[in-house]
Amino acid sequence: MTIPIVLFDLDDTILDFHKAEKLAIAKTLRELGLEPTEKVISLYSEINARQWKRLETGEINREQVLVGRFEILFSQLGLECSSRQAKAMYENFLSQGHFFMPGAEKMLEELQGKYRLFICSNGTAVVQAGRLKSAGISPYFEEIFISEEIGYNKPSREFFERCFKRIKDFDRDSCIIIGDSLSSDILGGIKAGIKTCWYNPQGKKNESGLEIDFELGELEQVPKLLERIFY
């Protein structure tokens, strides 16, 4: 019997990116001599999310995301700071430590051995390596696919096809992607012709027009859902 393949997004699916982002940007701003107020941190978060969306659509490249977000932030704040210095500081802080999404550790323990687990992330390679090492969850996964190393970003078909080529005995019908992003994980899964599961802990409305196969609000629900789908 074919062992089902489960592709997981990392940020805000297994690891809490927003909590880590808030801490890292606050430390970066302090290093630059700036007060990390809630207003400034929220502004950065909005700019960052917008830039990553533009990367997903191919509008800008990775460098324009990583440096450009700080250029935009400093411009809107009327500050003269080095965007490249800020990028380096921020990535260093972000790569240190981790926060789990609720139920993530227990879920991985339950799935281990029953499914072939993989990570598919658009995050920066050095940052994700540091966070995964801190979290100690790499042994759960057969392989970890980072878009910066793959050469394409989610949701492109090319990203997934390159991942599939590296998965031994890959079976499209026995594969599902689980992630929190409709524009990255779910759209990517649809383009790749695999099953999709939207992890939606905040109960957001799906206004994307995308037809999602499955949706859940808690990671604790994943084992039972996969059992129902594949067994």
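Data block above holds the structure.
Figured I'd write up the structure that's included with this text. The model shown is predicted, which means the values in this text are computed figures rather than measured ones.

**Observations regarding the layout of surface pockets**
Part 1 of the argument: By volume, the largest pocket is sized at about 990 Å³.
Part 2 of the argument: Every residue lining the largest pocket is counted, 40 residues in all, and those nearest its centre are Asp11, Asp12, Phe17, His18 and Asp180.
Part 3 of the argument: Counting only elements with at least two residues in the lining of the largest pocket, the list comes to helix 1 (17-31), helix 2 (38-56), helix 5 (83-94), helix 7 (125-135), helix 10 (182-192) and strand 5 (195-199).
Part 4 of the argument: Top contributing element to the lining of the largest pocket by residue count: helix 2, with seven residues.

**Quick notes on the pattern of salt bridges**
Part 1 of the argument: Under the criterion given, the structure shown has ten salt bridges.
Part 2 of the argument: With a closest N to O distance of 2.6 Å, Arg84 and Glu63 form a salt bridge. A residue pair is termed long-range when its members are at least 10 positions apart, and Arg84 in helix 5 and Glu63 in helix 3 (residues 62-66) qualify at 21 residues.
Part 3 of the argument: Residue classification places Arg84 among the exposed positions, given a relative accessible area of 54%.
Part 4 of the argument: With a closest N to O distance of 3.3 Å, Glu91 and Lys87 form a salt bridge. Separated by four residues within a single helix, Glu91 and Lys87 lie in helix 5, roughly one turn from each other.
Part 5 of the argument: By relative accessible area, Glu91 is classed as buried at 10%.

**Details of unusual backbone geometry**
Part 1 of the argument: Backbone torsion omega between Lys154 and Pro155 reads 15°, so that peptide bond is classified as cis.
Part 2 of the argument: Located in the positive-phi region is Asp12, a residue other than glycine, with phi close to 65°.
Part 3 of the argument: Position of Asp12 among the secondary structure elements: in the loop between strand 1 (5-8) and helix 1.
Part 4 of the argument: Given a relative accessible area of 13%, Asp12 falls into the buried group.
Part 5 of the argument: For Asp169, which is not a glycine, the phi torsion comes out positive at approximately 55°.
Part 6 of the argument: Counting through the fold element by element, Asp169 comes out in the loop between helix 9 (157-166) and strand 4 (175-179).

Cut-offs applied
Residues numbered from 1 in each chain as written. Predicted model: local features only at pLDDT ≥ 70, side-chain atom pairs only at ≥ 80, totals over all residues. Heavy atoms only, no water. 1 Å grid on protein atoms, 1.4 Å probe; cavity = no way out; pocket = protein on both sides within 12 Å on 5 of 7 lines; lining within 4 Å. Points joined across faces, edges and corners; volume = space filled by probe spheres on them. Helix = DSSP H or I, 4+ residues; strand = E, 2+ residues; numbered from the N terminus. Salt bridge = Lys/Arg side-chain N within 4 Å of Asp/Glu carboxyl O. Buried < 20%, exposed > 50% of the residue type's maximum accessible area, 1.4 Å probe, protein only.

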